[in-house]
Amino acid sequence: MLTVDVALAFFAASLLLGIAPGPDNIFVLTQSAVYGAGAGVVTTLGLVTGLCVHTAAVALGVAAIFQSSPMAFTLLKTVGAAYLLWLAWLSFRAGASLALTGGGGTPFPGYAALYRRGIVMNVTNPKVSLFFLAFLPQFCDPSRGSVALQVLGLGLLFMLATLMVFFSVALLGGRLALWFNKAPGGQILIHRAAGLVFAGLALLLLFSGK
């Protein structure tokens, strides 16, 4: 079992990590800036669902496969980069369509699609599993019982911290959406900016090492 001191220290560290700029919170900000705060909240729920997968992977030892197998690591991050490039293409296409038609509103993909985007964005980033594999065990102590259960508890605390931070990011993005959506030019700009962000995240994931 986790002690109160360990749980509080880990939660504080998780909050700081969530606040630090990274691919996931940038992704939430971008989605909520395009589609509104609700979209950012749903995307966050998808990302946190992906964290469930990574937490289970670390608890079961599966993440060690990505640490020891360069091929598996490269394959998964290539899939993630390809998905981000596809999202970039969708954003650029939406911006081009708005430019041709003179506006008319931003097509909303639906909350289910945004939730799936969050899951895929998180699960296809093997660095999250490797980060969990390096970070979570530092707060575990075999003398306190099952390490797997301690990892699961830490994973839940990390998810709670992520929800708190990313929901705040979604609200900020929602305010940006209200401002950008006042005019067709703003909608075009935010779609093109989102496309650049997605493409940048894809390249960052693809060309970064472990």
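Residues numbered from 1 in each chain as written. Predicted model: local features only at pLDDT ≥ 70, side-chain atom pairs only at ≥ 80, totals over all residues. Heavy atoms only, no water.

### Remarks on the packing of aromatic side chains
Point 1. Counted by the stated rule, this structure contains seven aromatic pairs.
Point 2. For the ring pair Phe131 and Phe132, a centre distance of 6.0 Å and an interplane angle of 50° mean the geometry is tilted.
Point 3. Looking at Phe131, the relative accessible area reads 31%, which means it is partly exposed.
Point 4. Aromatic ring contacts, followed pair by pair, group Phe10, Phe131, Phe132, Phe139 and Phe158 into a single cluster. (Phe/Tyr/Trp six-rings, centres within 6.5 Å; stacked < 30°, edge-to-face > 60°. Buried < 20%, exposed > 50% of the residue type's maximum accessible area, 1.4 Å probe, protein only.)

### A short note on the UniProt feature "transmembrane region" (unreviewed entry) in the chain
Point 1. Within this structure's numbering, the places UniProt gives as "transmembrane region" (unreviewed entry) are residues 45-66, 78-99, 148-169 and 189-207.
Point 2. As a span, residues 148-169 carries 100% helix and 0% strand, and end to end its C-alpha atoms are 31 Å apart. (UniProt positions renumbered as here; feature names shortened; annotations may be inferred. Helix = DSSP H or I, 4+ residues; strand = E, 2+ residues; numbered from the N terminus.)

### Notes on the environment of Gly173
Point 1. Here Gly173 lies in helix 8 (residues 147-180).
Point 2. On the basis of relative accessible area, Gly173 is assigned to the buried category, the value being 0%.
Point 3. Counting along the chain gives 135 residues from Gly173 to Gly38, while the straight-line C-alpha distance between them is 9.7 Å.
Point 4. Not counting residues within four places of it along the chain, the set of residues in contact with Gly173 comprises Leu29, Ser32 and Ala33. (Contact = heavy atoms within 4.5 Å.)

### A look at the layout of surface pockets
Point 1. Roughly 610 Å³ of volume is contained in the largest pocket.
Point 2. Of all elements in the fold, only helix 1 (4-19), helix 2 (23-35), helix 5 (70-101), helix 6 (111-123), helix 7 (126-135), helix 8 and helix 9 (184-207) reach the threshold of two or more residues within the lining of the largest pocket.
Point 3. Take the lining of the largest pocket: its biggest share by element is four residues, from helix 7. (1 Å grid on protein atoms, 1.4 Å probe; cavity = no way out; pocket = protein on both sides within 12 Å on 5 of 7 lines; lining within 4 Å. Points joined across faces, edges and corners; volume = space filled by probe spheres on them.)

### A look at the packing of helix 3 (residues 37-60) against helix 6
Point 1. Their axes nearest at 7 Å, the elements helix 3 and helix 6 cross at an angle of 40°. With respect to their mutual orientation, helix 3 and helix 6 come out oblique. Between helix 3 and helix 6 lies a crossing whose hand is right-handed. Facing helix 3, whose interface residues are Gly38, Ala39, Val42, Thr43, Leu45, Gly46, Leu47, Thr49, Gly50, Leu51, Val53 and His54, helix 6 presents Tyr111, Leu114, Tyr115, Gly118, Ile119, Met121, Asn122 and Val123. (Axes fitted to C-alpha atoms, helices over the stretch in contact; angles between N-to-C directions. Parallel < 35°, antiparallel > 145°, perpendicular 65-115°, else oblique. Left-handed = near helix turned anticlockwise from the far one by under 90°.)

### Re the side chain of Gln31
Point 1. By the secondary structure assignment, Gln31 is in helix 2.
Point 2. Residue class for Gln31 comes out buried when judged on its relative accessible area of 1%.
Point 3. Residues in contact with Gln31, not counting those within four places in the same chain, are Gly36, Ala39, Thr43, Leu114, Arg117 and Phe198.

### Details of the packing of helix 2 against helix 3
Each pair of packed helices can be summarised by the angle the axes make with each other and by the distance between the axes.
Point 1. Here helix 2 crosses helix 3 at 150°, and the two axes come no closer than 7 Å. If you check the angle between helix 2 and helix 3, you find them roughly antiparallel. The chirality of how helix 2 crosses helix 3 is right-handed. Packed against helix 2, whose contacting residues are Asp24, Phe27, Val28, Gln31, Ser32 and Tyr35, the element helix 3 presents Ala37, Ala39, Gly40, Thr43, Thr44 and Leu47 at the interface.

### Examining the side chain of His54
Point 1. When you line up the elements, His54 lands in helix 3.
Point 2. In terms of polar contacts, His54 uses its side chain to reach the backbone carbonyl oxygen of Asn122, at 2.8 Å.
Point 3. Setting aside chain neighbours within four positions, we find His54 in contact with Asn122, Val123, Asn125, Val128, Ser129 and Phe132. (Polar contact = N/O pair within 3.5 Å; in protein donor to acceptor, adjacent residues only side chain to side chain.)

### A few points about helix 1
Helical geometry note: an α-helix holds 3.6 residues per turn, so side chains three or four residues apart project in the same direction.
Point 1. Over its 16 residues, helix 1 extends 23 Å from the first C-alpha to the last, a length consistent with the 22 Å expected when each residue adds 1.5 Å.
Point 2. Three or more residues of helix 1 are buried, namely Val6, Ala7, Phe10, Phe11, Ser14 and Gly18. Projected down its long axis, helix 1 carries its buried residues within an arc of 125°, all on one side. Looking at helix 1, the residues exposed on the side facing more than 90 degrees away from the buried face are Asp5, Leu8, Leu16 and Ile19. (Expected span 1.5 Å × (residues − 1). Arc of directions from axis to C-beta.)

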